[in-house]
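# Close look at the chain arrangement
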Amino acid sequence: MNEKSAIIKLRDFMDSQEGWGRDQGRKVYQQLIDFVESNPGTMTFKVSLDQVRRVDISFASETIVELARRYRGKKGFCFTDLADQDMLENWDAAAERKGQPIMVWEGKNGQVIGITPSQGTLGAFNFALKRERTRASEFAASMPDISIANASTKFKQLWEQGFLLRREDVAESGGVEFTYHRIG
Amino acid sequence: MICQIVFPSAWIDASALESTLRSSCAPHGPGVYEVLFRFPTGCRIMVDSAVRLLSLINQLSLSMRRVRLEFEEGEAGTMGYLDRMGFFDHLAKDVDVLPARPSLSAAEIYGGTNTRLVEIASINPKDRDVDLPSRLTDAMMDSCGNRPDAKGLEGAAWTIFAELIDNIFSHSSTQIDGYAALQVYPRGDRVKVAVSDSGLGIMSTLRPAIKTEFPSLENLSDIDLLVEIFRQGISRHGTDRGCGLKGSAAKAIKYNGELDVRLPNIRVLLTPGKEGYKPNTAYCYDGLPLIWGTHICFTFRLDTNR
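Because the structure is predicted, anything quoted here is derived from the model rather than measured.

## Focus on the overall build of chain A
The secondary structure content of chain A amounts to seven helices and ten strands. Here the C-alpha radius of gyration of chain A, 17 Å, is about what a compact globule of 184 residues would show, namely 16 Å. Taking the principal axes of the C-alpha coordinates as reference, chain A spans close to 55 × 35 × 25 Å. Burial analysis of chain A (184 residues in total) assigns 42% to the buried set.

Structure representation (structure tokens):
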């Protein structure tokens, strides 16, 4: 299945290039919710920070971080055009506080901010990151010491924690098999 | 009872303000119906004291006390500086000023023309000054531009100012505005940014939530709890909030900023160490004369090469 993605130009939701404070963040958040809800078939939203000069931690916490937490497991949000180190720190601090991982993409290179996968799931996460979508069985096949059941558990944890998205597919056997998607 | 607060003929930073208040009677005391502030020749009020004094004086006026300010040197002295900072524009109208209130506000005439200061700005959630964090940052960077870490400092400073001002919005349920101002002291190699409000104070809003949200911190003293607000990020709204002040403090540490926090009866001076702010390296003052609200000052060096 070819999942749809959409771009959120955060600047278009803001009054100026600078976003600060919880009140301003909450106003932007409401507009973001409306946008997301008006795109029901879209699984991944790429949040472009082009033309956004600065955001403080409170604004970051009330906008994209809260959005990612609200839709965790159902829809994914990732950043693009995030070159400013200070702004990256602020998104990271806000996401960490809410225990929400968020991917940051620079071309084909992705890094996760907020929280990182545990040691036990890190291998599965890195495996998934190299592919648009994957299955637990594929990861298990690449790792001789990991069973399919064990791989399934790892991917499920990553999905529940917000690192990956997943969709239900029909397996060749006729049963249900989940496809896991990286965010972005 | 008339409470007299007489400043010494010296530079008055926040520490000197506290010493002066401690050696006077408590201006918010129950028997006090009049408060006199005397500024003798040679008294030089610094920006951190100026915004705290402004908050205190407006609090006293709001609580129906008669307040008089006596400036011995008149406009030639510290009164002239306070006028330039816009102090009298924000001062309650019923406060008596001797020899006389400035007829024209120097802040209105010259406002925005000196890159080494940002005049006192009022902070009111109903009238959001969206450019204030940028104005403070630009003024700071105008003087800190030679620091080797200037580029990173600029973003950090903006975040700190935005978070501090937003924090006032969160805590101010008051009839008195909050205030912010900045002053560069080239000879002292320092820039001070002071933010002050007369709201409920972090502790008053946080204490009731501590029992349910952070039970392990319940037995901490106010001073230790205050340090933890900046170290751990504690909020009355629960564990997923409180990142603003913590993040601000982390950025201040990164750029070797000193942090001075004054609450109604306590004050903590935090100087950064390698591992951030620690309770055992903080200078703590308990049992201070009452000033409502939260008063924060960050101090950064202008040139770390010196």
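Read on for the rest.
## A look at the sheet that holds strand 13 (residues 295–301) of chain B
Residue and element names in this part refer to chain B. Judged by pairing direction, the sheet is antiparallel, and its seven strands sit side by side in the order 7-8-9-13-10-11-12 without closing on themselves. Unpaired on one side and paired on the other, strand 7 (117–123) and strand 12 (283–285) mark the two borders of the sheet. With direction set aside, neighbouring strand axes in the sheet form an average angle of 10 degrees. Inspection of the sheet shows strand 10 (residues 258–262) paired to strand 11 (residues 267–270) by four bridges, in the antiparallel sense. By the bridge assignment for strand 11, R262 is matched with R267. Relative to strand 11, helix 9 (residues 222–231) is tilted by about 45 degrees, and along the sheet it contacts strand 10, strand 11 and strand 12.

## Here's the deal with the interface of chain B and chain A
On the chain A side, the residues contacting the 18 residues of chain B number 19 residues. Residues that form the side of chain B that touches chain A fall into these classes: seven nonpolar, eight polar and three charged.

## As for the sheet that holds strand 3 (residues 34–39) of chain B
Residue and element names in this part refer to chain B. Taken in spatial order, the four strands line up as 1-3-5-6 in an open sheet, and their pairing is parallel. The two strands at the open ends of the sheet, each matched to only one other strand, are strand 1 (2–6) and strand 6 (96–98). Strand-to-strand, the axes of this sheet are offset by a mean angle of 15 degrees, without reference to chain direction. Sheet topology places strand 3 next to strand 5 (residues 66–71); six bridges connect them, and they run parallel. Bridge pairing in strand 5 places V35 opposite V67.

## Brief notes about the pairing of strand 5 of chain B
Residue and element names in this part refer to chain B. Every second residue of strand 5 is oriented toward a common face, the buried set being V67, L69 and F71 and the non-buried set R66, R68 and E70. Direction of pairing for strand 5 relative to strand 6: parallel, over a ladder of three bridges. Directly across from L69, in strand 6, lies its bridge partner V97.

## Side note on the domain arrangement of chain A
Residues and elements named next belong to chain A. In terms of domain boundaries, chain A breaks down into domain 1 (4–113) and domain 2 (119–182). The C-alpha centroid of domain 2 is placed 25 Å from the C-alpha centroid of domain 1. Residue-level contacts link nine residues of domain 1 with seven residues of domain 2. Partitioning the side of domain 1 that touches domain 2 into residue classes produces four nonpolar, four polar and one charged.

Criteria and thresholds
- Residues numbered from 1 in each chain as written.
- Chains lettered and ligands numbered in written order.
- Predicted model: local features only at pLDDT ≥ 70, side-chain atom pairs only at ≥ 80, totals over all residues.
- Helix = DSSP H or I, 4+ residues; strand = E, 2+ residues; numbered from the N terminus.
- Rg over C-alpha atoms; globule rule 2.2 N^0.38 Å.
- Buried ≥ 20, exposed ≤ 12 C-beta atoms within 10 Å, placed from the backbone.
- Pairing = 2+ DSSP bridges.
- Axes fitted to C-alpha atoms, helices over the stretch in contact; angles between N-to-C directions.
- Contact = placed C-beta atoms within 7 Å.
- Nonpolar A, V, L, I, M, F, W, Y, C, P; charged D, E, K, R; others polar.
- Domains from an automatic or database assignment.

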